[in-house]
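Residue-level structure breakdown
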Amino acid sequence: MGLCDTWQVRWEWMDILRRNTDYALRLAVNLAGRYGDGWVSTRALSDEEDVSYQLACKLMQKLHKEGLVESDMGPKGGFRLARRPEDVPILDVIAAIQGPLRLNRCLLGDGFCERQETCPIRARIGRLQEQMDEYLGAVTLAELAENRRPQRETTQGRGRNT
């Protein structure tokens, strides 16, 4: 019996962006691509982005609560972005769904680690955190929607309601 037979090899990783956050970003980018076209139903968003309807409803409500989208009730209602897509960094969407994005809990603020003042690792991770926040704060929904536009045009050609 070899080493591989006696020891289970297990890969573990932690997603920095949670699955629901990924789904919410897809929904928001969809709305960004439709900016100025009116209201979009949650059903249409969920179908087009392959997100379950129930989950899409929950995510859209979170985005609404944080002021990222507006909603309108009724048969012709739905959701639309509350701001221009170029004014919505993806960091705002991430924070609305999963809270602050932090590489380590020691970066959440004072009191999370007793070694905070003397830790050489915290300073390095802190710099990486700043770079990540700066980058995600600079990427907007407009940029992501623009990169996606050819796909939407192809989808429209197939008769799908986009």
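One can find the structure itself at the top, above this paragraph.
Residue numbers restart at each chain and count upward from 1, following the sequence in its written direction. The model is predicted, so local features are restricted to residues of pLDDT at least 70 and side-chain atom pairs to those at 80 or more, both for listing and for counting; the totals for chains, interfaces and linings are taken over all residues. Heavy atoms from the whole structure form the basis of all side-chain values; hydrogens and water molecules are not counted.

**Observations regarding the packing of aromatic side chains**
- Only centres within 6.5 Å qualify two rings of Phe, Tyr or Trp (six-membered ring in Trp) as a pair; their planes then separate them into stacked at under 30 degrees, edge-to-face at over 60, and tilted for everything else. Enumeration according to the criterion identifies zero aromatic pairs in this entry.
- As a reminder, the over-ring test applies to NZ of lysine and CZ of arginine, requiring each to be within 6 Å of the ring centre and within 35 degrees of the ring normal. The ring of Y53 has R43 lying over it, and the distance from NZ or CZ to the ring centre is 3.8 Å.

**Thoughts on the side chain of T140**
- Structurally, T140 can be placed in the loop between α6 (120–138) and α7 (141–157).
- The criterion used for residue contact is that any of the two residues' heavy atoms lie within 4.5 Å. Those residues in contact with T140 that lie beyond four places of it in its chain are P85, E86, V88, P89 and I90. A helix here means a DSSP run of H or I that spans at least four residues, while a strand means a run of E at least two residues long, and both kinds are numbered starting from the N terminus.

**Concerning the nonpolar core**
- Throughout, nonpolar core names a set of buried Ala, Val, Leu, Ile, Met, Phe, Trp, Tyr and Cys residues whose side chains join them through atoms within 4.5 Å. Think of it in three bands: residues with accessible area under 20% of the maximum for their type are buried, residues over 50% are exposed, and the middle band is partly exposed, with areas taken using a 1.4 Å probe on protein chains only. Judged by nonpolar contacts, the single largest core of 33 residues is most densely connected at L31, M60, L63, V93 and L141.
- Elements represented by at least two residues in this core include exactly α2 (19–33), α3 (42–49), α4 (53–65), β2 (78–81), α5 (90–98), α6 and α7.
- Ranked by residues supplied to this core, first place goes to α2 with eight residues.
- Leave out the neighbours within four places in its chain, and L31 touches V40, L45, M60, V69, F79, R80 and L81.

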